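# Breakdown of the fold
Residue-level listing of the chains:
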Amino acid sequence: MPLADALDPSTQMFWRHVGVAFLCGAAIGLERQLRGKVAGMRTSILITLGTAFFVTLGAAMVPVNIDPTRVLGQVVTGIGFLGAGVILARGDRIIGVTTAAVIWVLAAIGALIGAGHLRAAMVATLMTLLVLVGVEGLERLLLSKNNSRGSGVFSAIDSE
């Protein structure tokens, strides 16, 4: 089945891509929303859906003079601007870096879906959730040990 079928709402492939994009975005977005972050479920779902549609559309343009990788490159550039919009400096602290990184990863997951790599997108979603949920304990441990030694190296950077 050609990838262009992923753009036809009358095909199973279209709905499979939409469903995976929706679920992957919702899973990561739920984690972000539960933490009270600015990019929650709606934003996350829209990023994965939009990226999947753009990448599929680019791949479906097969005339000889069109390079579908240019669409992917423009998505990466555009998503960088979206991510930059959530990074803020508040006094001596920088916040939103993790949310910006999540936005970047959501676009990558959408690109995987758009290119037809649904299982890889689901694995990437699980790995992202593992990092967001599982690494927090390790960070706390490292920061508490660092602060107990009197070092304030990380005090000005808040990855959230």
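Placed above this text is the structure.
Residues numbered from 1 in each chain as written. Predicted model: local features only at pLDDT ≥ 70, side-chain atom pairs only at ≥ 80, totals over all residues. Heavy atoms only, no water.

## Quick look at the packing of aromatic side chains
In this structure the tally under the stated criterion is 2 aromatic pairs. A ring pair is formed by F14 and W15, whose centres lie 4.9 Å apart and whose planes are at 85°; its orientation type is edge-to-face. The class for F14 is buried, based on a relative accessible area of 11%. With 6.0 Å between their ring centres and 20° between their planes, F14 and F53 make a pair best called stacked. (Phe/Tyr/Trp six-rings, centres within 6.5 Å; stacked < 30°, edge-to-face > 60°. Buried < 20%, exposed > 50% of the residue type's maximum accessible area, 1.4 Å probe, protein only.)

## Looking at the pattern of salt bridges
Taken as a whole and judged by the stated rule, the model has 4 salt bridges. With a closest N to O distance of 2.1 Å, R35 and E31 form a salt bridge. For R35, a relative accessible area of 31% puts it in the partly exposed group. In this structure, E136 and R35 form a salt bridge, with 3.0 Å as the shortest nitrogen-oxygen distance. A residue pair is termed long-range when its members are at least 10 positions apart, and E136 in helix 5 (residues 118-148) and R35 in the loop between helix 1 (12-34) and helix 2 (41-60) qualify at 101 residues. Through salt bridges with shared partners, one network takes in E31, R32, R35, E136 and R140. (Salt bridge = Lys/Arg side-chain N within 4 Å of Asp/Glu carboxyl O. Helix = DSSP H or I, 4+ residues; strand = E, 2+ residues; numbered from the N terminus.)

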